[in-house]
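Topology and contacts: notes
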Amino acid sequence: MARTLSVFLAFFIASAAVAAPVENRYSQLGSLQCNIDRFKIVTGLVETGSAVKKIDTTNPDTATAVAAAQAGLSSVGDAIKNIALALVTGKAAPGDARTAVSQGLNDTRSALEGINDPTVTDSVAAAQTLLQNAIDDGNAVIADCK
Ligand SMILES: *[C@@H]1O[C@H](CO)[C@@H](O)[C@H](O)[C@H]1NC(C)=O
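Residues numbered from 1 in each chain as written. Predicted model: local features only at pLDDT ≥ 70, side-chain atom pairs only at ≥ 80, totals over all residues. Heavy atoms only, no water.

As recorded in an unreviewed UniProt entry, the chain goes by Cell wall galactomannoprotein and comes from Mycena belliarum.

1. Some thoughts on the pattern of salt bridges
For clarity, the cut-off: The working definition used for a salt bridge is a side-chain nitrogen of Lys or Arg within 4 Å of a carboxyl oxygen of Asp or Glu. In DSSP terms, a helix is any run of H or I states spanning at least four residues, a strand is any run of E spanning at least two, and both are numbered starting from the N terminus. Only protein chains enter the accessibility calculation, which uses a 1.4 Å probe. A residue is then buried if its area is under 20% of the maximum for its type, exposed if over 50%, and partly exposed in between.
One pass over the structure, following the stated rule, counts two salt bridges. The salt bridge involving D137 is made with K40; its shortest N-O contact spans 3.8 Å. Here K40 lies in helix α2 (residues 32-53) and D137 lies in helix α5 (residues 121-144), a separation of 97 residues in the sequence. The partner of K81 in a salt bridge is D78, and the shortest N-O contact between them spans 3.7 Å. Linking K81 with D78, this pair stays in helix α3 (residues 60-88), spanning three residues, or about one helical turn. Given a relative accessible area of 41%, D78 falls into the partly exposed group.

2. A closer look at the packing of α2 against α3
Just so we agree on the cut-off: In this description, a line fitted to the C-alpha atoms serves as the axis of each element, helices being fitted only across the stretch in contact, and the angle between N-to-C directions of two axes falls anywhere from 0 to 180 degrees. Relative orientations are named as follows: roughly parallel for angles under 35 degrees, roughly antiparallel for angles over 145 degrees, roughly perpendicular for angles from 65 to 115 degrees, and oblique for any other angle. Two helices crossing with the near one rotated counterclockwise from the far one by less than a right angle form a left-handed crossing, whereas a clockwise rotation gives a right-handed crossing. Throughout, a contact is declared for two residues whenever any of their heavy atoms are within 4.5 Å. Gly counts as polar in this scheme, as do all residues outside two lists: the nonpolar Ala, Val, Leu, Ile, Met, Phe, Trp, Tyr, Cys and Pro, and the charged Asp, Glu, Lys and Arg.
Remark: α2 packs on α3, axes separated minimally by 11 Å, with the N-to-C direction vectors making an angle of 160°. As judged from the angle between their axes, α2 and α3 are roughly antiparallel. Read as a crossing pair, α2 and α3 show a hand that is left-handed. Here R38, I41, V42, L45, T48, G49, V52 and K53 of α2 lie close against α3, whose contacting residues are V66, A69, Q70, L73, V76, I80 and L87. Of the residues assigned to the contact of α2 with α3, the class counts are ten nonpolar, three polar and two charged.

And the structure:
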């Protein structure tokens, strides 16, 4: 997941740079603040993914929850990729992709909240903090990218 997002991030930044001189055609690419927010949610998701990977999955219930959290993050990554592809090709971002981002973040949050294993409290808390930051950045995207 982290590698997919990194590749995507490089692609997105490169595309934004190429598109900059023709900004009227690509006005969907958004303001500087909007693009900073997009950058932050993508990097935040990569960091969340690394933090989730550090949770010890010896306990089978924890392993199941971690797998669910990773599935949620992976669906967020796919949805963001769809939005970015629409943006760089000048098409309207698909509305259901935004719902998919929100749903994937919520699924990840629920999965982490469901972990009830005292031996992994710290690593779960670290992942939750990073996830909450990514959720906040996602809300900033919605506020700033009009
Ligand atoms: C995700 O959770 C937030 C806050 O609880 C809620 O407002 C939003 O509708 C949820 N997203 C989806 C797709 O259910």
